Amino acid sequence: AQSVTQLDSQVPVFEEAPVELRCNYSSSVSVYLFWYVQYPNQGLQLLLKYLSGSTLVKGINGFEAEFNKSQTSFHLRKPSVHISDTAEYFCAVSEGSSYKLIFGSGTRLLVRP
Amino acid sequence: GAVVSQHPSWVICKSGTSVKIECRSLDFQATTMFWYRQFPKQSLMLMATSNEGSKATYEQGVEKDKFLINHASLTLSTLTVTSAHPEDSSFYICSASLRGEQFFGPGTRLTVL
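Summarised in this report is the structure supplied together with it. Model, not experiment: these values are computed from the prediction. (Residues numbered from 1 in each chain as written. Chains lettered and ligands numbered in written order. Predicted model: local features only at pLDDT ≥ 70, side-chain atom pairs only at ≥ 80, totals over all residues. Heavy atoms only, no water.)

**Some points on the overall build of chain A**
Quick reminder of the rule: In this text, helices come from DSSP runs of H or I with a minimum length of four residues, and strands from runs of E with a minimum of two, each type numbered from the N-terminal end. C-alpha atoms define the radius of gyration in this analysis, and the globule rule sets the expected value at 2.2 Å times the number of residues to the power 0.38. Only protein chains enter the area calculation, which uses a 1.4 Å probe; residues under 20% of their type maximum are buried, those over 50% are exposed, and those in between are partly exposed. Contact criterion: two residues are considered in contact whenever any of their non-hydrogen atoms come within 4.5 Å of each other. In these tables, accessible area is a Shrake-Rupley quantity obtained with a 1.4 Å probe, and a residue counts as shielded only by the protein chains included in the view. As used throughout, the charge tally considers Lys and Arg to be positive and Asp and Glu to be negative, leaving His and the chain termini uncounted. Here the site of a charge means NZ on Lys, CZ on Arg, CG on Asp, or CD on Glu.
From N to C terminus, chain A includes zero helices and 12 strands. Relative to its length of 113 residues, chain A is compact, with a C-alpha radius of gyration of 13 Å against a globular reference of 13 Å. Counting across all 113 residues of chain A, residues that qualify as buried make up 45%. The long-range share in chain A, meaning contacts at least 24 apart out of those at least 6 apart in sequence, stands at 56%. If you sum the accessible surface of chain A, you get close to 5500 Å²; carbon and sulfur atoms cover 50% of it. Side chains of chain A give 9 positive and 9 negative charges; the mean places of these two sets differ by 5 Å.

In C-alpha cells form, the structure reads like this:
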C-alpha cells in the first residue's frame, strides 16, 4: 500500500531564507508525485509534479523538488521565501492508472519577517 | 487552466437534515471525480471516487448510505450528506481528473448544528 510521510508538521523560517519541506513515500510500484499548496479555507493548488524524466522538477512560485528513487523522497525547496508563501503544503502520491491521490499529513510553512 | 467549482462554499444545517454539495468541472469533461474530507489542521482523506455513469467507489470506512454520490454528467458530481450530525462537520473538497492530473475545487465548509 502507498503511504506518504511529511515528518515536519510546521516549519518556521525567516523571510528571504531558503526552505526545504521533506516528503518520503512508500510504494511497491512506480508512482507519480505531487506537491500542493493550500491557503486558509481554500482548495489545493498544484505547485509541481513528477511523472517521469528529469528528477529535478520546477514548479510555480519559485519552488522546485527533486525525486530521489533510492531514498524514496520528493523534497520541496525554495531558495528564498516570501511572507506570501505562508500556507499548508501537502505532498501526494498516486499510481498513475488509478489517479487516486494519497496525501501526507501536511507541513505548515510559517514565514516570519 | 482547468477550473473546478463547488457549490455552496459554506453551509450550516440542523442535525438530521440532508445537504447536497455540487462539484463542477467548468471548462473540461471529467469522467472521474474525487471527494475528500478535511478536518481542521489535518490532511485530506479520500472518501470516494466518482465515475460518470456508474456507481461510486468508496474508501474503506466511508458509509456509502450516508455519503451519497451521483455523477450524472461529465461535468457534475454531487455529494449528499444524509441525516447529517455534528460529527459530519468538516471541509469537503472535490477534484476532477484531466489527463492524469487532479484539479481541485475551492471546498465546501459544512457545519452541522
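Anyway, onward from the coordinates.
**Quick word on a nonpolar patch on the surface**
We count it as follows: For patches, a residue must show more than 30% relative accessible area and have no salt bridge; joins then use 9 Å for like charges and 5 Å for nonpolar side chains, namely Val, Leu, Ile, Met, Phe, Trp and Tyr. By convention in these notes, a salt bridge is any Lys or Arg side-chain nitrogen within 4 Å of a carboxyl oxygen on Asp or Glu.
There is a patch of nonpolar side chains on the surface, built from Trp10, Ile12 and Leu113 of chain B and spanning about 390 Å² of accessible area. Take Trp10 of chain B: it is sitting in strand E2 (residues 10–13).

**What to know about the state of the cysteines**
Residue and element names in this part refer to chain B. Here is the rule we go by: Here, a disulfide means two cysteine sulfur atoms that sit within 2.5 Å of each other.
Across all of its chains, the model carries two disulfides over all chains by this definition. Disulfide partner of Cys23: Cys94, at an S-S distance of 2.0 Å. Its S-S torsion of about 80° marks the bond between Cys23 and Cys94 as right-handed, since a negative value means left-handed. Here Cys94 lies in strand E9 (residues 90–98) and Cys23 lies in strand E3 (residues 19–25), a separation of 71 residues in the sequence.

**A short note on the nonpolar core**
Put simply, the test is: Joining through side-chain atoms within 4.5 Å is the link that ties buried Ala, Val, Leu, Ile, Met, Phe, Trp, Tyr and Cys residues into a set, and such a set is a nonpolar core.
Counting residues in hydrophobic clusters, the biggest one holds 27 residues, and the most contacted among them are Leu33, Trp35, Leu47, Leu48, Phe74, Leu76 and Tyr89 of chain A. Among the secondary structure elements, those contributing two or more residues to this core are strand E2 (10–14), strand E3 (19–21), strand E5 (32–38), strand E6 (44–50), strand E8 (64–68), strand E9 (73–78), strand E10 (87–94) and strand E12 (107–112) of chain A. Setting aside residues up to four positions removed in sequence, Leu33 of chain A forms contacts with Tyr25, Leu48, Lys49, Tyr50, Phe67, Phe74, Ala92 and Val93 of chain A. Phe28, Leu79, Tyr92 and Cys94 of chain B belong to the second-largest nonpolar core, a separate cluster that totals 26 residues.

**Comments concerning the packing of aromatic side chains**
As a reminder of what qualifies: Note on ring pairs: Phe, Tyr and Trp rings are taken, using the six-membered ring of Trp, and paired if centres are within 6.5 Å. Classes follow the plane angle, with under 30 degrees stacked, over 60 edge-to-face and the rest tilted.
On inspection of all chains with the given rule, the structure shows 12 aromatic pairs over all chains. Relative to Phe104 of chain B, the ring of Tyr36 of chain A lies with its centre 5.1 Å away and its plane at 80°, an arrangement referred to as edge-to-face. Highlighted residues: Tyr36 of chain A in strand E5 and Phe104 of chain B in strand E10 (residues 101–104), drawn from two different chains. The same class applies to Tyr36 of chain A as to Phe104 of chain B, namely buried. An aromatic cluster is built from Phe34, Tyr36, Phe90 and Phe103 of chain A together with Tyr36 and Phe104 of chain B, whose rings are joined through pairwise contacts.

**Focus on the interface of chain B and chain A**
It is common to give the size of an interface as the accessible area lost on bringing the parts into contact. Spelled out, the test is: Reported buried area values correspond to the accessible surface (1.4 Å probe) lost by two parts on association, with both partners' losses combined. A 3.5 Å cut-off defines polar contacts: any pair of N or O atoms within that distance qualifies, except that in protein one atom must be a possible hydrogen donor and the other a possible acceptor, and neighbouring residues in sequence count only when both atoms are side-chain atoms.
If you look at the interface, chain B gives 19 residues, while chain A gives 17 residues. Taken as a group, Ser43, Glu101 and Phe104 of chain B account for 31% of the area that chain B buries against chain A, more than any other trio of residues on that side. Viewed at the interface, chain A and chain B are joined by two salt bridges. Scanning the region where chain B abuts chain A turns up five residue pairs in polar contact (both at pLDDT 80 or more). Secondary structure elements with two or more residues in the side of chain B that touches chain A: strand E4 (32–38), strand E5 (44–51), E9 and E10 of chain B.

**Some thoughts on the layout of surface pockets**
Applied cut-off: Of the grid points, spaced at 1 Å and generated over the protein atoms alone, those admitting a 1.4 Å probe that cannot get out make up cavities, while open sets with protein on both sides within 12 Å along at least five of seven lines make up pockets; any residue with an atom within 4 Å of a point is treated as lining. Grid points are joined across faces, edges and corners, and a volume is the space filled by probe spheres set on the points. Under this grouping Gly is polar, as are all residues other than the nonpolar Ala, Val, Leu, Ile, Met, Phe, Trp, Tyr, Cys and Pro and the charged Asp, Glu, Lys and Arg.
Volume-wise, the largest pocket comes out at about 460 Å³. In terms of residue class, the lining of the largest pocket is made up of six nonpolar, nine polar and four charged. Approximately 200 Å³ is the volume found for the second largest pocket. Surrounding the second largest pocket, 15 residues form its lining, Gly43, Leu44, Gln45 and Leu46 of chain A together with Phe104 of chain B being those nearest its centre. Going through the elements one at a time, E6 of chain A together with E10 of chain B are the ones with two or more residues in the lining of the second largest pocket. For the lining of the second largest pocket, the element with the highest residue contribution is E10 of chain B, accounting for four residues. For the lining of the second largest pocket, the class distribution of residues is nine nonpolar, five polar and one charged.

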